[in-house]
Amino acid sequence: MSGHNHNEHDDHGHGHHGHDDHDHGSMRSYATGFVLAVILTAIPFWLVMGNVFSSSSTAGLVLLGLAAVQVVVHMVYFLHMNAKSEGGWNMLAMIFTLVIVVIMLAGSIWVMYHMNHNMMPGMSPGVMHHDMP
């Protein structure tokens, strides 16, 4: 028997089950996140169903912006990601992921636009369509 008393809740970090001393949210923060998520879901629904924007590209950009805000709300209020968690590595991983997603989305849109433009030249506005016999 050694003189060292191994308690489950000592200051050596064994009693924390792998978690650091981070705030994992309170009922108030979860309620705030939930209300923001509902609002950020209802606004795009209303914008689309009410046909608020006459231009579909404007509507798409506004919806994309609201979606990005909702992703941030989910990461902050539900995933508890901030610049302090895990020594900043979570934030660095999130930024890297966002850069990769933006590159993939922009590249996909760019490729699809140019494929449509180059593969379907007769579908361009202003080009006269001739009936084939």
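Just above sits the structure.
Everything numeric here is computed off the predicted structure, so don't read it as measured data.

> Please explain the overall build of the protein chain as it appears in this structure.
A count of helices and strands for the protein chain gives 3 helices and 0 strands. Across the 133 residues that make up the protein chain, the buried fraction comes to 12%. Restricting to contacts in the protein chain with at least 6 residues of sequence separation, those with at least 24 account for 50%. A total accessible area of about 11,300 Å² is found for the protein chain, and carbon and sulfur atoms account for 69% of it.

> I would appreciate a short explanation of the packing of aromatic side chains in the present structure.
Aromatic ring pairs are reported here in terms of the distance separating the ring centres and the angle at which the planes meet. In total, this model carries 1 aromatic pair according to the counting rule given. Ring plane angle 10° and centroid distance 6.3 Å describe the contact between Tyr 30 and Phe 78, whose orientation is recorded as stacked. Taken together, the positions of Tyr 30 in helix α1 (residues 27-49) and Phe 78 in the loop between α2 (56-77) and α3 (89-119) put the pair 48 residues apart, joining distant regions of the chain.

> What exactly am I supposed to notice about the side chain of Gln 70 here?
Here Gln 70 is to be found in helix α2. Overall, the relative accessible area of 17% leaves Gln 70 in the buried class. Discounting chain neighbours no more than four positions away, the residues touching Gln 70 are Ala 37, Leu 40 and Thr 41.

> Would you explain the layout of surface pockets in this entry?
Sizing a probe to match a water molecule and rolling it over the atoms shows the empty space that remains. Reported here for the largest pocket is a volume of approximately 320 Å³. Forming the walls of the largest pocket are Gly 60, Leu 61, Leu 64, Ala 67, Ala 68, Val 71, Leu 98, Val 101, Val 102, Leu 105, Ala 106 and Ile 109. For the lining of the largest pocket, the secondary structure elements donating two or more residues are α2 and α3. Each residue belonging to the lining of the largest pocket can be placed in one class, and the counts come to 11 nonpolar, 1 polar and no charged.

> Just checking my understanding: could you explain α1 for this structure?
An α-helical segment advances 3.6 residues per turn. Residues three or four places apart therefore align on the same side. In this model α1 runs 33 Å from its N-terminal to its C-terminal C-alpha over 23 residues, within 8% of the 33 Å that 1.5 Å per residue would give. Among the residues of α1, Ser 29, Gly 33, Ala 37, Leu 40, Pro 44 and Leu 47 are the ones counted as buried. Packing partners of the buried residues in α1 comprise α2. Positioned one or two residues after α1, Asn 51 has a phi angle of 50°, which is positive.

> Whenever I open this one, the side chain of Ser 29 confuses me. Can you help?
Note on placement: Ser 29 falls in helix α1. When its relative accessible area of 19% is taken as the criterion, Ser 29 is described as buried. Within the structure, Ser 29 has its side chain in polar contact with the backbone nitrogen of Ser 26 (distance 3.0 Å).

Criteria and thresholds
- Residues numbered from 1 in each chain as written.
- Predicted model: local features only at pLDDT ≥ 70, side-chain atom pairs only at ≥ 80, totals over all residues.
- Heavy atoms only, no water.
- Helix = DSSP H or I, 4+ residues; strand = E, 2+ residues; numbered from the N terminus.
- Buried < 20%, exposed > 50% of the residue type's maximum accessible area, 1.4 Å probe, protein only.
- Contact = heavy atoms within 4.5 Å.
- Areas by Shrake-Rupley, 256 points an atom, 1.4 Å probe, with all protein chains shown as cover.
- Phe/Tyr/Trp six-rings, centres within 6.5 Å; stacked < 30°, edge-to-face > 60°.
- 1 Å grid on protein atoms, 1.4 Å probe; cavity = no way out; pocket = protein on both sides within 12 Å on 5 of 7 lines; lining within 4 Å.
- Points joined across faces, edges and corners; volume = space filled by probe spheres on them.
- Nonpolar A, V, L, I, M, F, W, Y, C, P; charged D, E, K, R; others polar.
- Expected span 1.5 Å × (residues − 1).
- Polar contact = N/O pair within 3.5 Å; in protein donor to acceptor, adjacent residues only side chain to side chain.

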